[in-house]
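Each chain, written out:
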Amino acid sequence: MSDWNANIITEFRDNEGKVGGQFEGAPMVLLHHYGRRSGQEYVAPTMYLADDNDPDLIYVFASKGGAPTNPEWYRNLTAAGKGTVERGTETYEVIVKEVTGADRDRIYAEQARRYPGFADYERSTAGIRTIPVLELKRA
């Protein structure tokens with residue numbers, strides 16, 4: 001794990017799910033996932049979008065900061081179909097489902113509206129990949 005991620009994880013846990021810096025005020029979760037080949041547990045901090053109608057449903061975005069490839073956590077979570085999240089002071093299991101088509105586009109557009117950096121990520125990946133959106137539903 002990078003020092004950058006380790007510092008965010010520590011700050012998240014020390015402050016009941018809140019972090020500062022570039023993520024000040026942003027909704028964050030820690031995604032727990034297992035390597036597809038290694039079986040090793042990993043933790044990835046990421047922003048999320050809460051569903052307006054279902055408090056047990058959140059969306060995460062495999063933006064990887066606009067990189068041309070998907071993050072490993074995306075591959076691991078979709079392969080497993082399940083994972084664990086730390087959200088605030090709660091830790092719970094989730095069922096993972098990829099969102100596609102018009103639903104994906106609508107959810108991603110809302111995230112980009114709230115956090116314009118996501119629009120930048122989408123521009124960076126145009127013609128290379130579509131940034132995946134995952135639905136995480138409390139199990």
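Residues numbered from 1 in each chain as written. Predicted model: local features only at pLDDT ≥ 70, side-chain atom pairs only at ≥ 80, totals over all residues. Heavy atoms only, no water.

1. Digging into the packing of aromatic side chains
Item 1. Enumeration over the complete set of coordinates arrives at five aromatic pairs.
Item 2. Here the aromatic rings of F61 and F118 are separated by 5.5 Å at their centres, their planes lie at 65°, and the arrangement is edge-to-face. Here F61, found in strand β3 (residues 57-61), pairs with F118, found in helix α4 (residues 117-125); they are 57 residues apart in sequence, far enough to count as distant. Side by side, F61 and F118 carry an identical accessibility label, which is buried.
Item 3. Aromatic rings pair up to connect F61, Y108, F118 and Y121 into one cluster. (Phe/Tyr/Trp six-rings, centres within 6.5 Å; stacked < 30°, edge-to-face > 60°. Helix = DSSP H or I, 4+ residues; strand = E, 2+ residues; numbered from the N terminus. Buried < 20%, exposed > 50% of the residue type's maximum accessible area, 1.4 Å probe, protein only.)

2. Regarding the pattern of salt bridges
Item 1. This structure, assessed with the given rule, holds 13 salt bridges.
Item 2. As a salt-bridge pair, R138 and D56 come within 3.0 Å of each other at their nearest N and O atoms. Here D56 lies in the loop between β2 (41-50) and β3 and R138 lies in strand β6 (residues 133-138), a separation of 82 residues in the sequence.
Item 3. Judged by relative accessible area, which is 26%, R138 ranks as partly exposed.
Item 4. Connected via shared salt-bridge partners are D52, E110, R113 and R114. (Salt bridge = Lys/Arg side-chain N within 4 Å of Asp/Glu carboxyl O.)

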